[in-house]
Amino acid sequence: MPSHPLLFTPLRLRDVALRNRAMLSPMCTYSATDGLAGDWHLAHLAQFALGGFGIVCVEATAVTEQGRITYGDVGLWSAAHAAPLARIAAMLRDRGTVPAIQLAHAGRKASAQRPWHGMGPLTEADRAARNEAAWPTVAPTPAPMEAGWHVPHALDLAQIRALVAAWRDAAARARDAGFDIVEIHCAHGYLNHQFLSPLVNRRNDAYGGDRAGRMRFPLEVAAAVRAEWPNDKPVFVRISAVDGIDGGWELDDSVAFARELKARGIDAIDCSSGGIIGSAVARTVPRGLGFQVPYAERIRRDAAIATIAVGLILTGEQAEAVLQNGQADLVAVAREALADPYWPRHAARALGVAGFADWPHQYGWWLDKREGTLRRMRGEK
């Protein structure tokens, strides 16, 4: 193990300085009201800033009202949505972390139940129980995700242009709200991914057909967001590196897509997988510790772009090995951080680079004293 682990070596992306290379992955909590972030989101995200993450990313934030997955999704389709998010961005920055936000549109996976209500399409029963009526959905082509799901409207060219503008406008609101990093969601079977995947996109116009046609819409979104975002701040793109289904999007496609994104000024690729059919957590790709790390490694090498490794990365030692092996530039932690919001601080202790003195002093002073007491109780010096 090096004297100072890479995980805790500062990194600069454009003019944004990260205190370490641990990122809190965007995770939907389905707890907004009318798209507005509230006290829940502030408290939820504050724990990860206190916990020492270099980047804390706000969950998938809908660029249009229609683009929400559920009624509980955060949104940024109006100026009213920016104010509570600005409060979150300021809180994160004040606690030493870089505030990031993921912009998204659910496409044909919109108008869905929250996970604890079933994770299926909204039905009349949801309207009766919670006043959550289904709304019209859109996609590249009018095919539902699965039997029983809403049949989406196939976007026409004017609607495609309007959605590119919606992403641009949401990016402008995120910029004005004080975020330093924006991430474009092109993964997990949502709208951008629907355009990319040949399993969904059966269009016969400029936005379908071969890989270049299927990439056209997400690349237009990326170019629009990059043009709106400050030149001194980075833009990330999250992708599903593979569909994990025969005939679907493959890793070679992701390498080609990453090269095109790099040419449009994108700074890093956040490498996830799956989700084109079923829920975002549907297991079309076999899972094990660090199961998506090879995607980040291949894209980093063959597209010559920074990557973010994510997926069952549980310990600081595991994250450090990913960085030391040159498989990624950043490591994102998701569900493990829900179990341990102080994951970076515990990882720093495990890797021998920091103790309780480096924690927020409101906690660290007491914990350091407690540690001394526990050592004496164990008969240690």
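Note that the structure is predicted; figures quoted are calculated from it, not measured.

## Structural notes on the nonpolar core
Nonpolar side chains tend toward joint burial in soluble globular proteins.
Moving on, step 1. With 89 residues, the main nonpolar core has F217, I269 and I299 as its most contacted residues.
Moving on, step 2. Sorting elements by how many residues they give to this core places helix α4 (residues 157–176) first, with eight residues.
Moving on, step 3. If we skip the residues at most four places from it in the chain, I269 touches V237, I239, A258, L261, I299, I305, A306, T307 and I308.
Moving on, step 4. Formed by 17 residues, the second largest nonpolar core is a distinct cluster that contains M23, F236, A306 and I308.

## Overview of the packing of helix α6 (residues 211–228) against helix α7 (residues 251–263)
Moving on, step 1. Axis separation between α6 and α7 bottoms out at 11 Å; the angle between their running directions is 40°. As summarised for this structure, α6 and α7 are arranged oblique, according to the angle between their axes. Crossing angle aside, the handedness with which α6 passes α7 is right-handed. Of the residues in α7, those touching α6 at R211, M215, P218, L219 and A222 are D252, D253, A256, F257, E260 and L261.
Moving on, step 2. Among the residues making up the contact of α6 with α7, the classes are represented as seven nonpolar, no polar and four charged.

## Some remarks on helix α9 (residues 316–324)
Moving on, step 1. Every buried residue belonging to α9 is among G316, Q318, A319, E320, V322 and L323, and all of these are buried.
Moving on, step 2. Residues of α9 that are buried sit in contact with α8 (293–303), β12 (306–310), β13 (330–333) and α11 (343–350).
Moving on, step 3. One or two positions beyond α9, positive phi appears at G326, with a value near 70°.

## Re unusual backbone geometry
Moving on, step 1. The phi torsion at N131 lies on the positive side, around 60°, for a residue other than glycine.
Moving on, step 2. By the element assignment, N131 lies in the loop between α3 (124–130) and β7 (138–139).
Moving on, step 3. Overall, N131 belongs to the exposed group, its relative accessible area being 62%.
Moving on, step 4. Backbone geometry at L312 places phi at a positive 50°, although glycine is not the residue there.
Moving on, step 5. Mapped onto the elements of the fold, L312 is located in the loop between β12 and α9.

## Topic: the side chain of R238
Moving on, step 1. Its location among the elements puts R238 in strand β10 (residues 235–240).
Moving on, step 2. For R238, the side chain forms a polar contact with the side chain of S25, separated by 2.8 Å.
Moving on, step 3. Those residues within four positions of R238 in sequence are excluded, and the remaining contacts are S25, P26, Q102, E183, I184, H185, C186, A187, H188, D270, S272 and V310.

## A word on the packing of aromatic side chains
Moving on, step 1. Scanning the entire structure with this criterion turns up eleven aromatic pairs.
Moving on, step 2. Plain terms: the ring middles of F53 and W343 are 6.4 Å apart, the flat faces sit at 20° to each other, and that makes the pair stacked. Here the residue F53 occupies a position in the loop between α1 (39–50) and β4 (55–62), and W343 occupies one in helix α11, the gap between them amounting to 290 residues. The burial state of F53 is the same as that of W343; both residues are buried.
Moving on, step 3. Cluster of aromatic residues (ring-pair linked, three or more members): Y342, F356, W359 and Y363.
Moving on, step 4. The positively charged end of K109 is found above the aromatic ring belonging to Y190, 5.0 Å away from the centroid.
Moving on, step 5. A cation over an aromatic ring shows up here: R349 above the ring of F356, its NZ or CZ 4.0 Å from the ring centre.

## Some points on the pairing of strand β11 (residues 268–272)
Moving on, step 1. Among the five residues that make up β11, five are buried, leaving the element largely enclosed by the rest of the structure.
Moving on, step 2. Neither face of β11 is open: one carries A268, D270 and S272, the other I269 and C271, and all of them are buried.
Moving on, step 3. By the bridge criterion, five bridges tie β10 to β11 in an arrangement that is parallel. For S240, the partnering residue across the bridge sits in β11 and is S272.

## Considerations on the environment of T307
Moving on, step 1. Its location among the elements puts T307 in strand β12.
Moving on, step 2. For T307, a relative accessible area of 0% corresponds to the buried category.
Moving on, step 3. For the pair T307 and L323, spaced 16 residues apart in sequence, the C-alpha to C-alpha distance is 10 Å.
Moving on, step 4. In this view, T307 contacts I269, C271, A296, I299, R300, Q327, A328, D329 and L330; residues no more than four positions away in its chain are not counted.

## As for α6
Moving on, step 1. Across its 18 residues, α6 extends 26 Å between first and last C-alpha, which sits within 8% of the 26 Å expected from 1.5 Å per residue.
Moving on, step 2. The axis of α6 is deflected most strongly, by about 40°, at F217, and proline P218 appears within four residues downstream.
Moving on, step 3. Residues of α6 that are buried: G213, R214, M215, F217, P218, L219, V221, A222, A224, V225 and R226.
Moving on, step 4. Elements that come into contact with the buried residues of α6 comprise α4, β9 (181–186), α5 (191–196), β10 and α7.

## Comments concerning the environment of A337
Moving on, step 1. With respect to the secondary-structure elements, A337 resides in helix α10 (residues 335–339).
Moving on, step 2. For A337, a relative accessible area of 0% translates into the label buried.
Moving on, step 3. Along the backbone, A337 and F48 are 289 residues apart, and their C-alpha atoms lie at a distance of 7.7 Å.
Moving on, step 4. Contact partners of A337, with chain neighbours within four places excluded, come to L24, F48 and F53.

Thresholds applied
Residues numbered from 1 in each chain as written. Predicted model: local features only at pLDDT ≥ 70, side-chain atom pairs only at ≥ 80, totals over all residues. Heavy atoms only, no water. Core = buried A, V, L, I, M, F, W, Y, C linked by side-chain atoms within 4.5 Å. Buried < 20%, exposed > 50% of the residue type's maximum accessible area, 1.4 Å probe, protein only. Helix = DSSP H or I, 4+ residues; strand = E, 2+ residues; numbered from the N terminus. Contact = heavy atoms within 4.5 Å. Axes fitted to C-alpha atoms, helices over the stretch in contact; angles between N-to-C directions. Parallel < 35°, antiparallel > 145°, perpendicular 65-115°, else oblique. Left-handed = near helix turned anticlockwise from the far one by under 90°. Nonpolar A, V, L, I, M, F, W, Y, C, P; charged D, E, K, R; others polar. Polar contact = N/O pair within 3.5 Å; in protein donor to acceptor, adjacent residues only side chain to side chain. Phe/Tyr/Trp six-rings, centres within 6.5 Å; stacked < 30°, edge-to-face > 60°. Lys NZ or Arg CZ within 6 Å of the ring centre and 35° of its normal. Pairing = 2+ DSSP bridges. Expected span 1.5 Å × (residues − 1). Bend = angle between axes of the 7 residues up to and from the residue.

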